[in-house]
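# Structural description and commentary
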Amino acid sequence: MLSKLQLVRNYTISAIDKPGKLSTLIIKVHAGSRYSPKDGVSHLLSRFNFQNTNAKSSLRLVRESELLGGQVESKVCREYITLKANFLKEQLPYFVETLGNVLYKTSFRPHELIESVIPAAKHDLHEANKDPIWKANNLLYQVTYRNDGLGKPVFYDGVENVTLEDIKDFANKVYTRENIEIHGVGINANDLNRFVTDSLINSLPVGKSLKSSVEPKCFIGETRLRSAGESVAAISVPLNKANIATYQVLSTYLNSSLFPHIVKAEFATFDNNTYGLFKLFVKNEDPDVVTKEIKEVVSTLKKGLDISGAVTLTKSQFPTESLAKDLEKVKLFKLGDFSFVALGNVSKLPFKDDL
């Protein structure tokens with residue numbers, strides 16, 4: 001049973017209780033790269049999570065979690081720094097306390113930045129850069145949100161000089177009661193409320209939510225990046241409240257057997273599914289294949305498609321009550337203007353006006 005979102009001393013808690021032995025506790029902080037004062041600060045702060053706290057060393061924290069059958073992690077995206085713990089249900093008090101300690105009492109020791117945090121962040125970037133779709137996705141965001149934080153790089157790349165004080169100042173700004181959301185899965189709502197109230201989460205300082213409710217200004221453009229490896233051609237369309245249901249169905253349709261071409265279609269939404277970005281990628285080692293496929297795909301979408309066959313499947317994948325009626329209305333899709341990115345052997349990849 002899903003509890004209603006509850007305001008508990010300036011922060012929100014929601015919980016879904018369900019049978020089984022496992023629980024998941026998630027704390028989402030509006031501290032993603034779009035809010036970062038310097039490129040990379042959000043990523044480095046995320047990597048500081050589960051380092052040494054005033055109460056426990058990082059080794060003890062991880063070892064205790066593992067001995068109790070749990071796992072902890074911290075990840076960063078454009079909107080959030082997300083702390084997550086998976087554990088046996090009876091260990092809820094321990095993991096609420098643990099995440100509270102991370103938010104409230106991380107030590108931010110200078111040697112950790114040099115010896116642990118920056119090397120781990122560089123590893124994240126190195127691994128991500130192996131994926132040409134990840135790189136093309138970043139380019140689409142840069143083109144679309146060129147004057148907004150959503151266009152900033154998610155991972156630390158060393159271009160800007162980020163100091164320990166930068167990270168600590170940002171932590172003080174974002175780790176506040178008003179700027180976090182607490183979600184539980186497989187957790188009783190009353191239990192979660194009680195343990196959170198008794199934890200250090202309640203000792204977080206008063207601040208303000210950084211969450212942006214203003215729809216960012218979007219641009220349509222084109223960019224190219226020459227790089228070794230597989231080639232990618234990608235298009236994107238900004239989402240808004242009026243078209244988001246259509247693109248949900250379209251994404252399902254394009255990734256299903258209903259569509260004859262092999263593409264990767266996805267979308268990211270922000271601010272309670274009112275705006276975001278739809279993206280479509282074609283990838284292959286042979287740039288000529290990429291060129292042929294992206295031309296055929298765009299041509300097909302421009303002519304128009306009946307995508308109503310994917311409505312039922314979409315509803316099962318995205319059971320959002322507020323969007324259910326809008327999904328039912330989706331029938332025809334016709335592609336309008338879009339942004340375009342070419343990555344890889346760009347000498348053999350098309351330009352936007354070739355599509």
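Residues numbered from 1 in each chain as written. Predicted model: local features only at pLDDT ≥ 70, side-chain atom pairs only at ≥ 80, totals over all residues. Heavy atoms only, no water.

## Concerning helix 4 (residues 110-128)
The end-to-end C-alpha separation of helix 4 is 26 Å, in line with the 27 Å expected for 19 residues at 1.5 Å each. Its maximal kink placed at Val117, helix 4 deviates by approximately 35°, while the proline Pro119 follows within four residues. If you check which residues of helix 4 are buried, you get Glu112, Leu113, Val117, Ile118, Ala120, Ala121, Asp124, Leu125 and Ala128. (Helix = DSSP H or I, 4+ residues; strand = E, 2+ residues; numbered from the N terminus. Expected span 1.5 Å × (residues − 1). Bend = angle between axes of the 7 residues up to and from the residue. Buried < 20%, exposed > 50% of the residue type's maximum accessible area, 1.4 Å probe, protein only.)

## Remarks on the packing of helix 3 (residues 92-105) against helix 7 (residues 189-197)
At their nearest, the axes of helix 3 and helix 7 sit 9 Å apart, and the two run at 45° to each other. When the axes of helix 3 and helix 7 are compared, the pair comes out oblique. Where helix 3 crosses over helix 7, the two elements pack in a sense that is right-handed. Within the contact between the two elements, helix 3 uses Leu92, Pro93 and Val96 and helix 7 uses Asp191, Leu192, Phe195 and Val196. Grouping the amino acids of the contact of helix 3 with helix 7 by side-chain chemistry returns six nonpolar, no polar and one charged. (Axes fitted to C-alpha atoms, helices over the stretch in contact; angles between N-to-C directions. Parallel < 35°, antiparallel > 145°, perpendicular 65-115°, else oblique. Left-handed = near helix turned anticlockwise from the far one by under 90°. Contact = heavy atoms within 4.5 Å. Nonpolar A, V, L, I, M, F, W, Y, C, P; charged D, E, K, R; others polar.)

## Here we look at the nonpolar core
Among the nonpolar cores identified, the biggest contains 52 residues, and Ile27, Val29, Leu45, Leu83, Tyr175, Ile182 and Leu192 are the most heavily contacted of them. If one sorts the elements of this core by residue count, helix 3 sits on top with seven residues. Not counting the four nearest positions on each side in its chain, Ile182 is found in contact with Tyr11, Thr12, Ile13, Ser14, Leu25, Ile26, Ile27, Leu192, Val196 and Ile201. (Core = buried A, V, L, I, M, F, W, Y, C linked by side-chain atoms within 4.5 Å.)

## A short note on the side chain of Arg34
For Arg34, the position within the fold is in the loop between strand 3 (22-29) and helix 1 (41-48). A distance of 3.5 Å separates the side chain of Arg34 from the side chain of Tyr275, its partner in a polar contact. The contacts of Arg34, once residues within four sequence positions are left out, are Arg78, Glu79, Asp148, Gly149, Leu150, Lys152, Ser212 and Tyr275. (Polar contact = N/O pair within 3.5 Å; in protein donor to acceptor, adjacent residues only side chain to side chain.)

## Digging into the packing of helix 1 against helix 6 (residues 164-174)
It is at 10 Å that the axes of helix 1 and helix 6 come closest, and there the two elements cross at 80°. Classed by the angle they form, the pair helix 1 and helix 6 counts as roughly perpendicular. Contacts from Val41, Ser42, Leu44, Leu45 and Phe48 in helix 1 reach Leu164, Asp166, Ile167, Phe170, Ala171 and Val174 in helix 6. Considering only residue class, the contact of helix 1 with helix 6 consists of nine nonpolar, one polar and one charged.

## Re the pattern of salt bridges
A full pass over the atoms with the stated rule returns 17 salt bridges. A salt bridge links Glu328 to Lys315; the nearest nitrogen and oxygen atoms lie 2.3 Å apart. Linking Glu328 in helix 11 (residues 321-328) with Lys315 in helix 10 (residues 311-317), this pair joins segments that are 13 residues apart in sequence. By relative accessible area, which is 31% here, Lys315 ends up partly exposed. (Salt bridge = Lys/Arg side-chain N within 4 Å of Asp/Glu carboxyl O.)

## Quick look at the layout of surface pockets
The method is simple in principle: a probe with the dimensions of a water molecule rolls over the atoms, and the space it marks as empty is what remains. Of the voids in this model, the largest pocket is the one considered here, and its volume is about 1500 Å³. Taken together, 49 residues line the largest pocket, and the ones lying closest to its centre are Lys28, Tyr80, Thr269, Asn272 and Asn273. The set of elements that each furnish at least two residues to the lining of the largest pocket consists of strand 2 (11-16), helix 5 (132-144), strand 6 (180-185), strand 9 (264-270) and helix 11. Considering each element in turn, the lining of the largest pocket owes the most residues, six residues, to strand 9. Its residues placed into classes, the lining of the largest pocket shows 20 nonpolar, 15 polar and 14 charged. Volume-wise, the second largest pocket comes out at about 230 Å³. Along the walls of the second largest pocket sit Leu125, Asn129, Trp134, Lys135, Asn138, Leu139, Gln142, Pro153, Val154, Phe155, Asp157 and Leu225, which together make up its complete lining. Top element by residues in the lining of the second largest pocket is helix 5. It accounts for five residues. Across the lining of the second largest pocket, the residue classes break down as seven nonpolar, three polar and two charged. (1 Å grid on protein atoms, 1.4 Å probe; cavity = no way out; pocket = protein on both sides within 12 Å on 5 of 7 lines; lining within 4 Å. Points joined across faces, edges and corners; volume = space filled by probe spheres on them.)

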